[in-house]
Amino acid sequence: MGKKDVISKEILKNIARDISKHILHIDIKEDMEIINQEFTRVESRESDLLFRNGDEIVHIEIQNDNHKQMHLRMLRYYTDILFLYEKYKISQYLVYIGKTKCNMKDKIKRDKIDYKYDIIKMDEINCEELIQSNDSSAIALSILCDFKGQDKQSVVNRILLKLRELNDDRAFEKYLEIVTLYSTNRGLEENVKKGVEMLTVDIEKTPFYKIGVEKGRKEGIEKGIEKGIEKGVLLVAKQMLKMNMDIDDIAKVTNLSKEKLYEIKKEEDI
């Protein structure tokens, strides 16, 4: 994979494990074993993920740019793996997570060679199945998938909100780091930044909330406090609507009805 100085080997292995589970739907056996094998012939090469799963050896490469000789590199990996594990079935996958269209060859057919491996293009996989799962690693992966024409900011906000709901602070920070890393391969860095800002909005810290509460205290009128809270919630709802957040997600955060949110959207011409 290109840019290995940016994405660490450990992160690559984590991506490959998650893809094995959520995209390739590989049935991981109890005795599954990660193989840390460096292949050396003309050059030193270490696969992104190689593991033994029952009677099968699975090889996964993560690629974020096109490589004109990738089919030849994959064949070299195949022969090296075959040399060590001749009795096993060998399955090879190249997972493409790059920004540009994938144009790498997936087969070699010449002379007496008939070789093929699978290319998985993440931007052609529907993101919805992963987002709707309750598995944080799958939800994080969804940012690499096809949004099917949906508003980018809305989808990113849903991903972050779901991760926030499923995890404590420490785990959320870990998945936020992963999502931020993945977002660079889709040009979604600013969308993630805006989404994080949305999540960190504290209704009780908004100016209208504070002013309303303070006014209520001074006047000793409970309605003053309630009015301030209501204004603060409405302000937050307007901000979220302007960020194209999903109506259902805004309703969860603000406790406002969807009817009320549609009413605000119409009044503010959002």
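To be clear, the structure that these remarks concern was listed above.
About the cut-offs
Residues numbered from 1 in each chain as written. Predicted model: local features only at pLDDT ≥ 70, side-chain atom pairs only at ≥ 80, totals over all residues. Heavy atoms only, no water. Core = buried A, V, L, I, M, F, W, Y, C linked by side-chain atoms within 4.5 Å. Buried < 20%, exposed > 50% of the residue type's maximum accessible area, 1.4 Å probe, protein only. Helix = DSSP H or I, 4+ residues; strand = E, 2+ residues; numbered from the N terminus. Contact = heavy atoms within 4.5 Å. Axes fitted to C-alpha atoms, helices over the stretch in contact; angles between N-to-C directions. Parallel < 35°, antiparallel > 145°, perpendicular 65-115°, else oblique. Left-handed = near helix turned anticlockwise from the far one by under 90°. Nonpolar A, V, L, I, M, F, W, Y, C, P; charged D, E, K, R; others polar. Pairing = 2+ DSSP bridges. Lys, Arg positive; Asp, Glu negative; His and termini not counted. Salt bridge = Lys/Arg side-chain N within 4 Å of Asp/Glu carboxyl O. Polar contact = N/O pair within 3.5 Å; in protein donor to acceptor, adjacent residues only side chain to side chain. Phe/Tyr/Trp six-rings, centres within 6.5 Å; stacked < 30°, edge-to-face > 60°. Lys NZ or Arg CZ within 6 Å of the ring centre and 35° of its normal. Expected span 1.5 Å × (residues − 1).

A. Inspection of the nonpolar core at higher detail. Membership of the largest hydrophobic core comes to 39 residues, with the highest contact counts inside it found for Ile-19, Ile-60, Met-122 and Ile-143. Mapped by element, the contributors of at least two residues to this core are helix 1 (9-22), strand 4 (49-53), strand 5 (56-63), strand 6 (89-96), helix 3 (128-131), helix 4 (136-141), helix 5 (152-166) and helix 6 (169-183). For Met-122, the residues in contact, after removing those within four places along its chain, are Ile-19, Ile-23, Val-95, Tyr-96, Ile-97, Leu-141, Leu-144, Cys-145, Asp-146 and Arg-186. Formed by 15 residues, the second largest nonpolar core is a distinct cluster that contains Leu-161, Val-236, Ala-237 and Met-245.

B. Seen up close, the packing of helix 10 (residues 247-254) against helix 11 (residues 258-267). Running from N to C, helix 10 and helix 11 cross one another at 110°; their axes reach a closest spacing of 9 Å. Here helix 11 runs roughly perpendicular to helix 10, going by the angle between their axes. When the axes of helix 10 and helix 11 are compared, the crossing they make is right-handed. Contacts from Ile-247, Asp-248, Ile-250 and Ala-251 of helix 10 reach helix 11 at Lys-258, Leu-261 and Tyr-262. The residue makeup of the contact of helix 10 with helix 11, split by class, is five nonpolar, no polar and two charged.

C. Quick look at the sheet that holds strand 4. The five strands are arranged 1-4-5-6-9 in an open sheet whose pairing can be described as mixed. In this open sheet, the two edge strands, each paired with only one partner strand, are strand 1 (33-34) and strand 9 (118-121). Bridge count for strand 5 against strand 6 is eight bridges, and the pairing is parallel. Considered in strand 6, the bridge of His-59 is made with Gln-92. Each of strand 4, strand 5 and strand 6 touches helix 2 (residues 70-84); the most contacted strand, strand 6, lies at about 150° to it.

D. Looking closely at the side chain of Arg-186. Within the secondary structure, Arg-186 sits in the loop between helix 6 and helix 7 (189-199). Put simply, Arg-186 is tucked away with no salt bridge, and the nearest opposite charge, on Asp-123, sits 4.6 Å away. Reaching out from Arg-186, the side chain makes a polar contact with the backbone oxygen of Ile-97 at a distance of 3.2 Å. Residues contacting Arg-186, with those up to four places away along its chain left out, are Ile-97, Gly-98, Lys-99, Met-122, Asp-123, Ile-143 and Leu-144.

E. Structural context of unusual backbone geometry. The backbone of His-25 sits at a positive phi, close to 55°, despite the residue not being glycine. Tracing the sequence through the fold places His-25 in the loop between helix 1 and strand 1. Note on His-25: relative accessible area 53%, which makes it exposed. At Asp-111, a position not held by glycine, the phi torsion is positive, near 50°.

F. Local environment of the packing of aromatic side chains. Counted under the stated rule, the structure contains three aromatic pairs. Ring geometry for Tyr-85 versus Tyr-88: centroids 5.9 Å apart, planes at 80°, classification edge-to-face. With a relative accessible area of 19%, Tyr-85 lands in the buried category. Among the aromatic residues, those joined into a ring-pair cluster are Tyr-78, Tyr-115 and Tyr-117. If you follow Arg-164 out to its NZ or CZ, it ends over the ring of Phe-172, 4.7 Å from the centre.

G. Looking closely at helix 5. If you check helix 5, its first and last C-alpha atoms are 22 Å apart, about what 15 residues at 1.5 Å a residue would give, namely 21 Å. For helix 5, a buried count of 11 out of 15 residues is recorded, marking the element as mostly surrounded by other parts of the structure. When helix 5 is considered as a whole, its buried residues turn out to be Gln-153, Ser-154, Val-155, Val-156, Asn-157, Arg-158, Ile-159, Leu-160, Leu-161, Lys-162 and Leu-163. In this structure, the buried residues of helix 5 make contact with helix 3, helix 4, helix 6, helix 7 and helix 10. Where helix 5 begins, the capping side chain belongs to Asp-151, and its oxygen is found 3.2 Å from the backbone nitrogen of Gln-153.

Worth remembering: the numbers are spatial, not functional.
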